[in-house]
Each structure stands twice: as C-alpha cells, then as structure tokens.
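Reading the structure
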Amino acid sequence: VFAATTSWQTELNLINEKVLSEPEKALLEGQQFQQKYEAIAPYQVLKELQIRLAYARFLLGDGVNAYQQLEQLKLDIPANNIALQASVLHTIANVYAFNGDIAEALNTYYGALALRENAGDPLATSATLNNIAVQLTEANQYRAALDYYQRVLQIGQQQKHAEDIGDAEVGITSVYIR
C-alpha cells in the first residue's frame, strides 16, 4: 500500500507541476490518472486530482465550468475534511486572483488560510500566505504584504523549504521596489 500511495502522490505532484506551465498536458495526464486509479485510489487522492483538473480547465479558458466544478467540490467534500476544503478554497481564490478580483481572492484565501492553519500543514499554509501577500501587494497594502511574506519566510526557514524562502525573498523585494 505504501508503494502505491507513493506512486499516486508522485504522479499527482507531476500533474500539479504541469497545471500552470502545461495545463493541456496536465488535463490529459490527470484524466488518464483518474481512469487508471478511479476504482482503487483513496478518496483524498481523487478529490485533489479533481481540484487540480478544474484549475487546469480554468487556465485553458473554460472558466465557467471550472468554477462550477470547484463550487460543487466544495459542497461534496465533507466539512471535517479540512485539508481538502482548504485546497478547494485556495484554488477558488486562485481563480478570483487570476480574474483580478482582489477582494474576493483575499476573502477566499483567508478562509483557506484558517483551514490550513487548523490542519497543521505548514507548506500548504505557506502557499496560501504567499498568495495573500501577492494580492495585498497588488492592492498596494505593502505593510500587510510584508507581514505575510515574513510568515512565509519563517515557515520556509523552519521547514528548510527553499521554494518558500525564495518566494518570500522575491515578494519582499517586489514590495520594496514599488
């Protein structure tokens, strides 16, 4: 079971990495993943995949259907599954941010942040903190953005996660050059 779970997670991570850079490929590989593992994959794995595929569809221009899928996932996922609830909220916030709706993006990110902090997943929490900081920077709320970037940096240092450290450093720099 451990090897299978690792395989699923590895495949999901590869699909997730392609969502932003190659959404068409991510969508195709995600659909293949779903067909391959639908009968045997854990609920959590399949729901994470559905969230990622909805975001890929959004990036490919199918925004209405992607948003409807995300909203339906939000309803379908049990409230006590806070990690998945946070993931779907974070993704919905990404849609708002991509569309330039900073207020809705921030409100939705704050909801995802509360859930992620409650779930105790520091790297997922850091991703949401970073996205909040980006939106605050876009809204010219530089002091608040710096506070969030500092939290991202702290988590990155505590977790020894170079990506978070780099994101925080780039974000802090972007605030100071504005």
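Structural data are supplied above this passage.
Notes on the structure follow. (Residues numbered from 1 in each chain as written. Predicted model: local features only at pLDDT ≥ 70, side-chain atom pairs only at ≥ 80, totals over all residues. Heavy atoms only, no water.)

Attention now goes to the overall build of the protein. Summing up its helical and strand segments, the protein has nine helices and zero strands in all. Listing each helix as α and each strand as β along the protein from the N terminus yields α-α-α-α-α-α-α-α-α. For 178 residues, the compact-globule estimate of 2.2 N^0.38 gives 16 Å, and the C-alpha radius of gyration of the protein, at 16 Å, lies within 12% of that figure. With the C-alpha coordinates aligned to their principal axes, the bounding extent of the protein is approximately 50 × 35 × 30 Å. Within the protein, the fraction of its 178 residues that count as buried is 43%. The long-range share in the protein, meaning contacts at least 24 apart out of those at least 6 apart in sequence, stands at 52%. Summed over all atoms, the accessible surface of the protein reaches about 9,500 Å², with 53% contributed by carbon and sulfur. (Helix = DSSP H or I, 4+ residues; strand = E, 2+ residues; numbered from the N terminus. Rg over C-alpha atoms; globule rule 2.2 N^0.38 Å. Buried < 20%, exposed > 50% of the residue type's maximum accessible area, 1.4 Å probe, protein only. Contact = heavy atoms within 4.5 Å. Areas by Shrake-Rupley, 256 points an atom, 1.4 Å probe, with all protein chains shown as cover.)

Within the structure shown, the criterion is met by five aromatic pairs. Between Tyr-110 and Tyr-148 the ring centres are 6.4 Å apart and the planes differ by 40 degrees, which places this aromatic pair in the tilted class. Here Tyr-110, found in helix 6 (residues 102–119), pairs with Tyr-148, found in helix 8 (residues 142–159); they are 38 residues apart in sequence, far enough to count as distant. The class of Tyr-110 is partly exposed, set by a relative accessible area of 33%. The exposure class assigned to Tyr-148 is buried, which follows from its relative accessible area of 16%. (Phe/Tyr/Trp six-rings, centres within 6.5 Å; stacked < 30°, edge-to-face > 60°.)

Time to look at the nonpolar core. Most often, soluble globular proteins keep nonpolar side chains buried together rather than apart. Ranked by size, the top nonpolar core spans 47 residues in total, and within it Phe-33, Ile-51, Leu-70, Ile-132 and Tyr-148 carry the most contacts. The element contributing the most residues to this core is helix 3 (residues 43–59), with nine residues. With residues up to four places along the chain from it excluded, the contact list for Leu-70 reads Ile-51, Ala-54, Val-88, Thr-91, Ile-92 and Val-95. (Core = buried A, V, L, I, M, F, W, Y, C linked by side-chain atoms within 4.5 Å.)

Moving on, we get to the side chain of Gln-135. Structurally, Gln-135 can be placed in helix 7 (residues 122–138). Under the relative-accessibility criterion, Gln-135 is labelled buried at 7%. Discounting chain neighbours no more than four positions away, the residues touching Gln-135 are Ala-97, Ile-102, Ala-105, Leu-106 and Tyr-109.

So, about the pattern of salt bridges. Across all of its chains, the model carries seven salt bridges by this definition. Between Glu-11 and Lys-36 there is a salt bridge, and its shortest N-O distance comes to 3.4 Å. Pair noted here: Glu-11 is in helix 1 (residues 2–21) and Lys-36 is in helix 2 (residues 23–37), with a separation of 25 residues, a long-range link. Note on Glu-11: relative accessible area 22%, which makes it partly exposed. (Salt bridge = Lys/Arg side-chain N within 4 Å of Asp/Glu carboxyl O.)

This part covers helix 5 (residues 82–98). Taking 1.5 Å as the rise per residue, helix 5 with 17 residues should run 24 Å; its terminal C-alpha atoms sit 24 Å apart, in good agreement. Judged by how many residues are buried, helix 5 sits mostly within the fold: 14 of 17 residues are covered. Once helix 5 ends, the next one or two residues include Gly-100, with phi positive near 80 degrees. (Expected span 1.5 Å × (residues − 1).)

As far as function goes, none of this settles anything; it's purely spatial.
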